[in-house]
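Survey of secondary and tertiary structure
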Amino acid sequence: MSEKRPASTMNYREVRDELAGVMDHAREYMKPKCHACKICNSVTCGAAGGIGGTERRGTAIRNYEKLQQIHLAYDTLYEGGDGSEIDSSIELFGHKFRAPIMSGPFGHVASFNPSTHFKDDYEFTKALLDGTMAAGCFGWTPDTVGEDVFEGPLRCLKEHGGIGIPAIKAWGADEIRMKIRMSDAAGVMAIGHDIDCVGLTYLSVNGKTKTYPKSAAQLKEIFSITKTPYILKGIMTAAGARKSVEAGASAIVISNHGGNTMDQALASIEVLEEIRAAVGDKLTIIIDGGFRHGEDIFKALALGADAVLVGRPYIIAAEGGEARGVELYTQKLVWELQNAMRMTGCRTLADITRDKVIVSKEF
Ligand SMILES: Cc1cc2nc3c(=O)[nH]c(=O)nc-3n(C[C@H](O)[C@H](O)[C@H](O)COP(=O)(O)O)c2cc1C
């Protein structure tokens, strides 16, 4: 793979064509759980509801569908350049990235995709971190039940200079504190905490493994042992966002875990504007759920998000092309975002304002 050109120097067609081969390859490793569909909208997922979650896909499908009801406003009537002036860069947690895009945490590859070709979660994470970084972005690492599922990916994150975010699940306070200390020892730029994991089948009511919802005061106390910014992942209401401010979080991820934790929820994009209005600039807002293209990322930025986390397509890109597949997919997202900016008269991310999108009546 090393003889390949950096994806960041390739044009859309080149990236798209090489990525098509990656997708073909992914199908071999994803069946029967996932068909690596051209449109990853959770409608035709495979056995037991695809990768992650259950066969009840309502929330996941809604995430994708609601994004399709937002459209971009053309504006190419401005004094512009050849496109190289478009600047999609962002600073997050003290580091500069080419675009506000990150891969999500995905816990225990062998359990959500029994036919994976990755030896373990360290190798899977390495593909994600190598690939996102090669394209100027970054990734999260997971936490779940299983051997070396937190530690292995965290070791990998340390080897990447700590540029990434480990997610810690809602275990008992002592285990969370231990994992915060491990994350700090790895020098990570921020620490994530996926509080909505309590709805995952194996962690939910009557599940074998215990997780616990916690109050803002409890979270504040637990995270008081670190100076590293921390992020609450799994916020879906303005009230939850306000409590996150009280808890001392620096950021939230507006997320329903890709629809894996509860059916019949709203789509994440539906609650974004309300949450931004509720917390103003007190929190950095990341959002995920159904984001598949750079144009989708543009929509989130226009409605108030600072950055976007992408889930399932990154798993498929990694299975199909390891780090190169992840790099190509990230470059495709960056390219699409930058092209959307060029087509709507936006030179920087700050120019992506509410008037740059049209929300349809059905939304
Ligand atoms: C197979 C799978 C495993 C996941 N594991 C985790 C995890 O360990 N921790 C976490 O915070 N989120 C986890 N998630 C949720 C994702 O990080 C992300 O929130 C979600 O996939 C975004 O939705 P999307 O897949 O529609 O892009 C997982 C998602 C999938 C599909």
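The coordinates are above.
These remarks concern the structure in this document.

Reading the values: rules and limits
- Residues numbered from 1 in each chain as written.
- Predicted model: local features only at pLDDT ≥ 70, side-chain atom pairs only at ≥ 80, totals over all residues.
- Buried ≥ 20, exposed ≤ 12 C-beta atoms within 10 Å, placed from the backbone.
- Helix = DSSP H or I, 4+ residues; strand = E, 2+ residues; numbered from the N terminus.
- Pairing = 2+ DSSP bridges.
- Right-handed = clockwise from strand over helix to strand, strands pointing away.
- Axes fitted to C-alpha atoms, helices over the stretch in contact; angles between N-to-C directions.
- Parallel < 35°, antiparallel > 145°, perpendicular 65-115°, else oblique.
- Left-handed = near helix turned anticlockwise from the far one by under 90°.
- Contact = placed C-beta atoms within 7 Å.
- Nonpolar A, V, L, I, M, F, W, Y, C, P; charged D, E, K, R; others polar.
- Expected span 1.5 Å × (residues − 1).

The next point concerns the pairing of strand β5 (residues 138-141). Taking every second residue as pointing to the same face, both faces of β5 are buried, with Phe138 and Trp140 on one and Gly139 and Thr141 on the other. The sheet contact formed by strand β4 (residues 101-103) and β5 spans two bridges and is parallel. Its bridge partner being in β5, methionine 102 is matched across the sheet by phenylalanine 138. The sheet contact formed by β5 and strand β6 (residues 165-169) spans two bridges and is parallel. Along β6, the bridge assignment pairs tryptophan 140 with isoleucine 165. Between β5 and its parallel partner β6, the chain crosses via helix α5 (residues 151-159), and the hand of that crossover is right-handed.

Interhelical geometry of helix α1 (residues 12-30) versus helix α11 (residues 312-343) gives an angle of 150 degrees and a closest axis separation of 8 Å. The angle between the axes of α1 and α11 places the two elements in the roughly antiparallel class. The two elements α1 and α11 meet at a crossing, and its hand is left-handed. Of α11, the residues touching α1 (which contributes Tyr12, Val15, Arg16, Glu18, Leu19, Val22, Met23, His25, Ala26, Tyr29 and Met30) are Ile316, Ala317, Glu319, Gly320, Gly321, Gly325, Leu328, Tyr329, Gln331, Lys332 and Trp335. For the contact of α1 with α11, the class distribution of residues is 13 nonpolar, five polar and four charged.

What follows is about the environment of valine 149. Structurally, valine 149 can be placed in the loop between β5 and α5. Along the primary structure valine 149 and glycine 294 are separated by 145 residues, whereas in three dimensions their C-alpha atoms are 30 Å apart. Among residues more than four places away in sequence, those in contact with valine 149 are Gly107, His108, Asp121, Pro142, Asp143 and Thr144.

All right, on to the sheet that holds strand β11 (residues 307-310) then. Ordered by their spatial adjacency, eight strands build a closed barrel running β4-β5-β6-β7-β8-β9-β10-β11, and the pairing between neighbours is parallel. Shown here is a sheet whose adjacent strand axes are inclined to one another by a mean of 30 degrees, direction ignored. Each of β5 and β6 is contacted by α5, which is oriented at about 150 degrees to β5, the strand it contacts most.

Taking 1.5 Å per residue as the helical rise, helix α4 (residues 121-134) with its 14 residues ought to reach 20 Å, and the 20 Å between its terminal C-alpha atoms agrees with that figure. Burial of α4 is extensive: ten of the 14 residues sit out of reach of the surface. The complete set of buried residues in α4 reads Asp121, Phe124, Thr125, Lys126, Ala127, Leu128, Leu129, Gly131, Thr132 and Met133. Summarising the contacts, the buried residues of α4 are in contact with β4, α3 (109-112), β5, α5 and α11.

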